[in-house]
Amino acid sequence: MNILEQVQEKLKDEIKAAVLEAGLATADQLPDVILEVPKEKAHGDYSTNMAMQLARVAKKAPRAIAEDIVKNFDSSKASIEKIEIAGPGFINFYMNNSYLTDLIPAILKAGDSYGETNTGNNEKVQVEFVSANPTGDLHLGHARGAAVGDSLCNIMAKAGYDVSREYYINDAGNQINNLALSVEARYFQALGLEKDMPEDGYHGEDIIGIGKKLAEEYGDKYVTVEESDRFEFFREYGLKYEMEKLKRDLEDFRVSFDVWYSETSLYQNGKIDTALAKLRENGHIYEKDGATWFKSTELGDDKDRVLIKQDGSYTYLTPDIAYHKDKLERGFEKLINIWGADHHGYIPRMKAAIEALGYERDALEVEIIQLVHLYKNGEKMKMSKRTGKAVTMRDLVEEVGLDATRYFFAMRSADTHLDFDLDLAVSQSNENPVYYSQYAHARISSILRQGEEQNLSFDENVDVSLIGAEKEIEVLKKLGEFPLSISEAAVKRMPHRITNYIYELASSFHSFYNAEKVLDLENIERTKARLALIKAVQVTLKNALSLIGVSAPEKM
RNA sequence: GCGCCUUUAGCUCAGCUGGAUAGAGCAACGGCCUUCUAAGCCGUGUGUCAGAGGUUCGAAUCCUCUAAGGCGCGCCA
């Protein structure tokens, strides 16, 4: 438990004690104490609505109840400076500053681990994200999914979940056949030969590149090779090429996975058959029109779904069910899938499948990433994977920069449509929020460097009681919120809470910076205390930025 | 037609388990660099929280309905 949590727990205990002491309620009538940080500074450091909550039980006016609570409150026990009753019956607590200044040595001691909590209780969670087909370049939607997914994993890991990151490789089925045929066509074209692209072919630049590469490497060797061998070669080659590119692109985007899970492996090791057998055993399967169906309507879906087509092949759903069964068998208590908005209709059938397999349907949680629209020169750019004219993730990062891209995607709630303003993200101006946060870090680094040059150092035992100016207190309060922000972002699966936090912390620092001077040879002790304070800010900022995959530069 | 998402300041968006006078940034205007990075700070003003009901001490927040926009509703993946 971190310092602020301890302070709050202590305060809650004392409030309960006061309520009981005043005879306002019995121990089992006592509601949970709700403490909040008032928006208005004038309303104190913490406030509780206990008096209003007790109005019904105690059959008294909230303000009268509040007075009874205050009268029976032992303020010597919880670093309380002052208590006031306000508004309809809020009790506002004003704390003395020691509870905040204690944060400084605590943060310095914790270092990289500051912000860690045990909110997740070591729950085994698997997060599957991106999982784009290896048939073309990653585009904007994937980039948003990658940024949100990776940030969420970082945040949940920091909040004490046991997180595993996984990518499901769709290396089986039709789309891979189309990939092979597309590669083949581009290969022929690179040799100057006529060859039409398949009807559902992939028209991306990258496939044209594969064709050229093959032509250079092998000349016309594969023109004459027997068709089935040729197909197999192009399939293998195309897949390998695409996967390597995918991994490289994601790695460059600061996103890595613990497991790359192959769809084909499900075919090979019989897991699809096992899953189908399980569904059949549980009575969720029937035959109709020469196909095998999943009776998903009984489990909340709006249509039954085909699992085995008339031609004997599986639909996309079938191996995916086997995959999710496998995930659960690997012992994950919670599966979080991050999907694009165009797949949201898929949720009910997947949850139905999980239930049909005998698991809790809520073991699966799906986070939907809404669409990204790119704006340039005030104009909306249309993207389409089919025509190959989509803006790729790589293009975007090259144009905007990695930090700004990651920040922009992490910045917005994932379930809202995102208007990505290219001109804004590119601009190296104060309109760009990523620089604002990084700038705070760079500023601190600069001050610390100069402090060292002047032989001004600090240690964990610095006298923090010299900290107390208004701006310093505001910074400290923000620093103390960090662990709480992390647990909330983790529990609610909302990475953008962290960018909000980063911005607020940077803002409180900038404000402090302009109001107070850190390096002051006339006042060495206070200088040391402030150096320790800004060092704590630097540590916290860096930790927070790393959660969303953004660098913390020492200089800008 | 059915399902999901969205609707908050001129624009882009926050808004916590329901709490006190709904907040930031951008844009506009005015200040602050002989002093630790001006990619910064300080100040000025801005709201039918899409609309209508309901729940209660109290609703932007929870429930119902309506409207607008987006996405989905394949033996595609």
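Residues numbered from 1 in each chain as written. Chains lettered and ligands numbered in written order. Predicted model: local features only at pLDDT ≥ 70, side-chain atom pairs only at ≥ 80, totals over all residues. Heavy atoms only, no water.

Undergrad: It is not clear to me how the packing of helix α15 (residues 393-400) against helix α16 (residues 402-411) should be interpreted in this structure. Could you clarify?
TA: A pair of packed helices can be characterised by two numbers: the angle between their axes and the separation between those axes. Between α15 and α16, whose axes approach to 7 Å, the crossing angle comes to 115 degrees. With respect to each other, α15 and α16 are oriented roughly perpendicular. Facing α15, whose interface residues are Leu396, Val397 and Val400, α16 presents Leu402, Ala404, Thr405 and Phe409. Its residues assigned to classes, the contact of α15 with α16 comprises 6 nonpolar, 1 polar and no charged. (Axes fitted to C-alpha atoms, helices over the stretch in contact; angles between N-to-C directions. Helix = DSSP H or I, 4+ residues; strand = E, 2+ residues; numbered from the N terminus. Parallel < 35°, antiparallel > 145°, perpendicular 65-115°, else oblique. Contact = heavy atoms within 4.5 Å. Nonpolar A, V, L, I, M, F, W, Y, C, P; charged D, E, K, R; others polar.)

Undergrad: What is the right way to read the sheet that holds strand β15 (residues 418-421) from this model?
TA: Whether parallel or antiparallel, the strands of a sheet pair through hydrogen bonds between backbone atoms. An order of β14-β13-β15 is seen for the 3 strands of this open sheet, with the pairing classed as mixed. Each edge of the open sheet is held by one strand with a lone partner, namely β14 (379-381) and β15. Between one strand axis and the next, the sheet turns through 40 degrees on average, direction left out of account. Both strand β13 (residues 372-376) and β15 contribute to a ladder of 4 bridges, which runs parallel. Looking at the pairing, histidine 373 lines up with aspartate 419 of β15. (Pairing = 2+ DSSP bridges.)

Undergrad: Just to check I follow, could you spell out the nonpolar core for this structure?
TA: Grouped burial of nonpolar side chains is what soluble globular proteins tend to show. Ranked by internal contacts, the top residues of the largest apolar core, which has 135 residues, are Leu11 and Phe420. Apart from the residues lying within four places of it in its own chain, the contact partners of leucine 11 are Leu35, Tyr46, Phe73, Ala78, Ile80, Phe93 and Met95. Core analysis: the second largest hydrophobic core is formed by 34 residues, Ile272, Leu307, Ile347 and Ala352 among them. (Core = buried A, V, L, I, M, F, W, Y, C linked by side-chain atoms within 4.5 Å. Buried < 20%, exposed > 50% of the residue type's maximum accessible area, 1.4 Å probe, protein only.)

Undergrad: What should I look at first to understand the side chain of aspartate 304 in this one?
TA: With respect to the element layout, aspartate 304 can be found in the loop between β9 (291-294) and β10 (305-308). Here aspartate 304 sits buried without a salt bridge, and the closest side chain of opposite charge, lysine 288, lies 6.7 Å off (N-O distance). There is a polar contact of 3.2 Å between the side chain of aspartate 304 and the backbone nitrogen of serine 296. The contacts of aspartate 304, once residues within four sequence positions are left out, are Tyr286, Trp293, Phe294, Lys295, Ser296 and Thr297. (Lys, Arg positive; Asp, Glu negative; His and termini not counted. Salt bridge = Lys/Arg side-chain N within 4 Å of Asp/Glu carboxyl O. Polar contact = N/O pair within 3.5 Å; in protein donor to acceptor, adjacent residues only side chain to side chain.)

Undergrad: How should I be thinking about the side chain of glutamine 126 in this particular structure?
TA: Its place among the elements puts glutamine 126 in strand β5 (residues 124-128). In terms of polar contacts, glutamine 126 uses its side chain to reach the side chain of lysine 327, at 3.4 Å. Setting aside residues up to four positions removed in sequence, glutamine 126 forms contacts with Ser164, Glu166, Tyr323, Lys327, Arg330, Phe332, Lys334, Leu335 and Ile336.

Undergrad: Mind showing me how you'd approach helix α10 (residues 227-252) here?
TA: Counting along an α-helix, one turn takes 3.6 residues, and residues three or four places apart therefore face a common direction. Between its first and last C-alpha, α10 extends 37 Å over 26 residues, near the 38 Å set by a 1.5 Å rise per residue. At the C-terminal side of α10, arginine 254 shows a positive phi close to 65 degrees. (Expected span 1.5 Å × (residues − 1).)

Undergrad: Looking at this model, I keep getting lost on the environment of serine 296. Mind explaining?
TA: Of note, serine 296 is situated in the loop between β9 and β10. Ignoring anything within four residues of it in the chain, the contact list for serine 296 reads Asp301, Lys303, Asp304, Arg305 and Ala352.

Undergrad: Looking at this structure, I do not really get the environment of leucine 547. What am I missing?
TA: The residue leucine 547 is located in helix α21 (residues 524-547) in this model. The spatial distance from the C-alpha of leucine 547 to the C-alpha of aspartate 362 is 26 Å, given a sequence separation of 185 residues. Those residues within four positions of leucine 547 in sequence are excluded, and the remaining contacts are Ser151, Asn154, Ile155, Lys158, Phe482, Ile486 and Ile498.

Undergrad: Would you mind showing me how to read the domain arrangement of chain A here?
TA: Where interface size is quoted, it is often the accessible area lost as the parts come together. Its domain assignment divides chain A into domain 1 (3-96), domain 2 (129-268 + 370-426) and domain 3 (430-547). The gap between the C-alpha centroids of domain 1 and domain 2 is 55 Å. (Domains from an automatic or database assignment.)

Undergrad: Help me understand the sheet that holds strand β8 (residues 285-288) in this model?
TA: One open sheet holds the 3 strands; their spatial order is β8-β9-β10, and the pairing between them is antiparallel. Since the sheet does not close on itself, it has two edges, and those belong to β8 and β10, each with one partner. On average, each strand axis in the sheet is inclined to that of its neighbour by 45 degrees, with strand direction left out of account. Of the pairings in the sheet, the one linking β8 to β9 comprises 4 bridges and is antiparallel in character. What sits directly across from lysine 288, in β9, is alanine 291.

Undergrad: Please clarify how the protein's contact with RNA strand B should be interpreted in this entry.
TA: Taken together, the neighbourhood of RNA strand B is formed by 68 residues, with Gln175, His344, Tyr436, Tyr439 and Lys492 sitting nearest. When the atoms of RNA strand B within 4 Å of the protein are sorted by group, sugar and phosphate make up 64%. For RNA strand B, a base nitrogen lies 2.9 Å from a polar atom in the side chain of serine 47. A distance of 2.2 Å separates a base nitrogen of RNA strand B from a polar atom in the side chain of histidine 344. Residue assignment for the surface near RNA strand B shows that the elements contributing at least two residues are β1 (35-36), β4 (90-95), α8 (174-190), β9, α18 (433-453), α19 (470-491) and α20 (496-515). (Near = heavy atom within 4 Å.)

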